[in-house]
Amino acid sequence: MLKHLIGFCLVLHISGVSAVQLNSQHAIVVEDGTGKILLEKNATEIAPIASLTKLMTAMVVLDSKPNMDEMISIEKADLDTLKHSLSHVPIGTTLSRRDVLQLALMSSDNRAAAALARTYPGGNLAFQKAVIIKVKALGMTNTVIKEPTGLSPENTSTAADLVKMAFAASHYPDISNITTDSDDTIAIKGRKRLFHNTNRLVGRKDWDILLSKTGFTNEAGNCLIMKIKLAQKKATLVLLNARTSSLRFVDAMNISRLIRNSGAASVIHASLNRHSGSDKI
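The shown structure was predicted, so the numbers you read here are calculated from the model rather than taken from an experiment.

*Asks:* Explain the pattern of salt bridges to me, please; I cannot follow it from the model alone.
*Replies:* Here the idea is simple: oppositely charged side chains can pair when their charged atoms come close. Evaluation of the coordinates by the stated rule reveals ten salt bridges. A salt bridge links D32 to K227, with the shortest nitrogen-to-oxygen separation between them at 2.9 Å. Note that D32 is positioned in the loop between β1 (26-31) and β2 (37-41) and K227 in strand β10 (residues 221-230), a separation of 195 residues in sequence. For K227, a relative accessible area of 6% translates into the label buried. D63 serves as the salt-bridge partner of K134, at 3.0 Å between the closest nitrogen and oxygen. With K134 in helix α5 (residues 123-137) and D63 in helix α2 (residues 53-63), this residue pair connects regions lying 71 residues apart in the sequence. Taking relative accessible area as the criterion, K134 reaches 16% and is therefore assigned buried.

*Asks:* Mind showing me how you'd approach the environment of D251 here?
*Replies:* As for its position among the elements, D251 is in helix α8 (residues 245-260). The class of D251 is buried, set by a relative accessible area of 0%. Along the chain, D251 and L239 lie twelve residues apart, while their C-alpha atoms are 8.1 Å from each other. Ignoring anything within four residues of it in the chain, the contact list for D251 reads Q21, L22, N23, S24 and L239. Within the local environment of D251, its side chain forms a polar contact with the backbone nitrogen of N23, the two atoms lying 2.8 Å apart.

Calculation criteria
Residues numbered from 1 in each chain as written. Predicted model: local features only at pLDDT ≥ 70, side-chain atom pairs only at ≥ 80, totals over all residues. Heavy atoms only, no water. Salt bridge = Lys/Arg side-chain N within 4 Å of Asp/Glu carboxyl O. Helix = DSSP H or I, 4+ residues; strand = E, 2+ residues; numbered from the N terminus. Buried < 20%, exposed > 50% of the residue type's maximum accessible area, 1.4 Å probe, protein only. Contact = heavy atoms within 4.5 Å. Polar contact = N/O pair within 3.5 Å; in protein donor to acceptor, adjacent residues only side chain to side chain.

Spelled out as C-alpha cells, the structure:
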C-alpha cells in the first residue's frame, strides 16, 4: 500500500513540474558538488552569449595579477562602434581598475569592459590570446569569444559550456563579491553616482546568490548566469535567449521552485526530457 501511495505522489509531482514552461531557448541547471543535471533544454546548441562574456573578461584580467588601484582613463577607443550602446561613464573619466571592474560586472558597462581589455598587459591582442588560452583550459570546446564586451554576435557558447565558466568564475572572490552587490556608489568626474546590478534578483531576501551575470543583445536575447543557494542546495543555472527580461525572470523563479522542491521526481523528469528539445521542465 505504501509503495502504491509513493508511486501515486511521484506521478502527481512529475505532472505538476511538467506544466512549468521555460521561455529561454537554451537552459541548464546543474547541482553543485554532484554535477547532477536537474534541468536541460537545448544545452549543447551554440548561441550568442552577450554580456555573459564579461565573466571571462574579468577572469582573464584578474589572472594577470593587475594593480587594482591603478587609475584607468576611459578613452575613445572604448566606445561601442558596433551597437552604439549607451554608457553612464563619459570619455575622459578616470577610475581605479577596481571601480572599472565593478562597472563592467555589476552594471555591465561596455566601455568599462573594453577599457579592461585595452589596459591588459600587452593590450587588446595579448588579451585576446589570453582569452583563447583560458577558454581552452576550462574545456569550453564549443565557445568562441572574440571581444571583451559581448556586443559581438560572434561571441558564442552553449549553456553546458557556460556552466564551466560560472564554476571557474565563482573561485575569484572579486567576481563573486562584485556580481552579488545590489548597488554601489562610484565617483564619476567628481560626482558620486549610484549604479545598480542588472540582475533584479540580487539583494532579494529570499535569494542567496553566489554569482550573477546578465546579458542582452538583439541576437542573444536575454541571458543569465547564476550560482545560487536555495533550501540548503547549491546549483548553477544558465539561461540563454529569452525574448524579454521579464520572461527571463519568470524562468529564474520557476527554476528556484524546482530547486527548492527538487527530489527524485524532478531529476527523473528532467533526465527523460534532456535531449527532446522540449521547453518543459
